[in-house]
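Chain residues, written in single-letter form:
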Amino acid sequence: AQSVAQPEDQVNVAEGNPLTVKCTYSVSGNPYLFWYVQYPNRGLQFLLKYITGDNLVKGSYGFEAEFNKSQTSFHLKKPSALVSDSALYFCAVRARGGATNKLIFGTGTLLAVQP
Amino acid sequence: EAGVAQSPRYKIIEKRQSVAFWCNPISGHATLYWYQQILGQGPKLLIQFQNNGVVDDSQLPKDRFSAERLKGVDSTLKIQPAKLEDSAVYLCASSLELRTDTQYFGPGTRLTVL
């Protein structure tokens, strides 16, 4: 069965410092991996995805993520955090070759950036 | 380009009442999804449509939940009768194609069942 783990409920970082939000996954075969961000009372906004190719994926708002097949991880990173990055971040996975586009989401990580 | 539209944004009902949510996907998107997001959890897929056909409804509680997508555009999700545990945010998403394409989400409908 497919699953996603986000081991940290909350990540605290000072503005200007680098940030990492962790994600590990379990899926049969090679995965498609996604990161979404959710601001209060808003829907999920797409940040980036890994489908194939370069393991380092660049996305919106200066975020990037690195696919590591051996560690089954897809950690989200940003070199310099902004207060406006404070939000709830979700990692999601789907298996290749499935009949549907069903995404399995993690439980989310709350990112708090202090000024 | 307009995003996914949903209404209402908020709904409060009493248990055993019925409720309906509406979704209008991004223009041209063939695939539409309904997710349930309970507080403190990630979204969980309820049902997925490809045009007006159901692709996956394996996690839809069919004794009380129903959904339709007439004409392959707008969709309605209904709960009848509602239970306390149905309190959640109901998210609609759409994608251009069924397989690798990115899903784009609407703002959601927050349902409170008293």
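Just so you know, these numbers come straight off a predicted model, no measurement behind them. For every chain, the first residue of the written sequence is number 1, and numbering continues from 1 along that sequence. All chains are assigned letters beginning with A, and all ligands numbers beginning with 1, in the order in which they are written. Only residues with pLDDT of at least 70 are given local features in this predicted model, and only at 80 or more are side-chain atom pairs given and counted; all residues enter the totals for whole chains, interfaces and linings. Working from all heavy atoms in the structure, the side-chain values ignore hydrogens and water.

Draft legend 1. The packing of aromatic side chains, seen in detail. Pairing of aromatic rings covers Phe, Tyr and Trp, the last counted by its six-membered ring, and requires centre-to-centre distances within 6.5 Å; plane angles under 30 degrees mean stacked, over 60 mean edge-to-face, and any other angle means tilted. Under the criterion given, the structure shown has 15 aromatic pairs over all chains. Ring centres of Phe34 of chain A and Tyr36 of chain A lie 6.4 Å apart, and the angle between their planes is 25°; on these two criteria the pair is classed as stacked. The residues Phe34 of chain A and Tyr36 of chain A share a single accessibility class, namely buried. Relative to Tyr90 of chain B, the ring of Phe21 of chain B lies with its centre 5.0 Å away and its plane at 25°, an arrangement referred to as stacked. Of this pair, Phe21 of chain B sits in strand 3 (residues 19-24) while Tyr90 of chain B is found in strand 9 (residues 88-95), placing the two residues 69 residues apart along the sequence. Residue burial is assigned from relative accessible area. The probe radius is 1.4 Å, only protein chains are included, and a residue is buried under 20% of its type maximum, exposed over 50%, and partly exposed in between. Using a relative accessible area of 0% as the deciding quantity, one classes Phe21 of chain B as buried. When its relative accessible area of 0% is taken as the criterion, Tyr90 of chain B is described as buried. Connected via pairs of aromatic rings, a cluster forms that spans Phe34, Tyr36, Phe46, Phe90 and Phe105 of chain A together with Tyr33, Tyr35, Tyr104 and Phe105 of chain B. By definition, any uninterrupted DSSP run of H or I lasting at least four residues is a helix, any uninterrupted run of E lasting at least two residues is a strand, and each is numbered from the N terminus.

Draft legend 2. The arrangement of the pattern of salt bridges in detail. Residue and element names in this part refer to chain B. What counts as a salt bridge is simple: a side-chain nitrogen of Lys or Arg found within 4 Å of a carboxyl oxygen of Asp or Glu. The tally for this structure, following the rule as stated, stands at 4 salt bridges over all chains. Of the charged contacts in the structure, one is a salt bridge between Asp57 and Lys62, with a shortest N-O distance of 3.7 Å. The partner of Asp86 in a salt bridge is Arg64, with the nearest N and O atoms 2.5 Å apart. Taken together, the positions of Asp86 in the loop between strand 8 (75-79) and strand 9 and Arg64 in the loop between strand 6 (53-56) and strand 7 (65-68) put the pair 22 residues apart, joining distant regions of the chain. Accessibility expressed as a relative area gives 10% for Arg64, which makes it buried.

Draft legend 3. Broad picture of the pairing of strand 12 (residues 109-114) of chain A. Residues and elements named next belong to chain A. Strands are labelled as partners when DSSP assigns at least two bridges between them. Summarising the sheet, strand 2 (residues 10-14) and strand 12 pair through 5 bridges and their orientation is parallel. Each bridged residue has a counterpart across the sheet, and for Val13 the counterpart in strand 12 is Val113. Of the pairings in the sheet, the one linking strand 10 (residues 87-95) to strand 12 comprises 3 bridges and is antiparallel in character. Paired with Tyr89 across the bridge in strand 12 is Thr109.

Draft legend 4. Expanded view of the state of the cysteines. Residue and element names in this part refer to chain A. The disulfide definition used here is simple: a pair of cysteine sulfur atoms within 2.5 Å. All chains considered together, the criterion is met by 2 disulfides over all chains. Across the disulfide from Cys23 sits Cys91; the S-S distance is 2.0 Å. Classification of the bridge connecting Cys23 and Cys91 rests on its S-S torsion, roughly -65°, and on that basis the disulfide is left-handed. Of the two residues, Cys23 sits in the loop between strand 3 (19-21) and strand 4 (24-26) while Cys91 sits in strand 10, which places them 68 residues apart along the sequence. For the pair Cys23 and Cys91, a shared accessibility class is recorded, and that class is buried.

Draft legend 5. Quick look at the interface of chain B and chain A. Taken together, the contact pairs 29 residues of chain B with 23 residues of chain A. Two parts lose some accessible area (1.4 Å probe) when they are put together, and adding that loss for both gives the buried area. Where chain B abuts chain A, roughly 1900 Å² becomes buried across the two surfaces, and 48% of that area is made up of carbon and sulfur atoms. At the boundary of chain B and chain A, one finds 0 salt bridges. In protein, a polar contact requires one atom able to donate a hydrogen and another able to accept it; more generally it is a pair of N or O atoms within 3.5 Å, and residues adjacent in sequence count only if both atoms are side-chain atoms. Counting across the chain B and chain A interface gives 3 residue pairs in polar contact (both at pLDDT 80 or more). Within the residue set of the side of chain B that touches chain A, elements represented by two or more residues are strand 4 (31-37), strand 5 (44-50), strand 6, strand 9 and strand 10 (104-105) of chain B. Take the side of chain B that touches chain A: its biggest share by element is 3 residues, from strand 4 of chain B. When the residues that make up the side of chain B that touches chain A are grouped by side-chain class, the tally is 11 nonpolar, 12 polar and 6 charged. In this analysis, two residues are considered to be in contact whenever any of their non-hydrogen atoms come within 4.5 Å of each other. Lys, Arg, Asp and Glu make up the charged group, whereas Ala, Val, Leu, Ile, Met, Phe, Trp, Tyr, Cys and Pro make up the nonpolar group; the residues left over, Gly among them, are polar.

Draft legend 6. Spatial organisation of the side chain of His29 of chain B. Residues and elements named next belong to chain B. Mapped onto the secondary structure, His29 falls in the loop between strand 3 and strand 4. Assessed through its relative accessible area of 11%, His29 is described here as buried. Here Ser94 takes part through its side chain, which lies 2.8 Å from a polar atom of the side chain of His29. At a separation of 3.4 Å, a polar atom in the side chain of His29 contacts the main-chain amide nitrogen of Ser95. Setting aside anything within four residues of it in sequence, one finds His29 in contact with Arg69, Ser94, Ser95, Leu96 and Tyr104.

Such coordinate-based values are descriptive only and should not be taken to indicate function.
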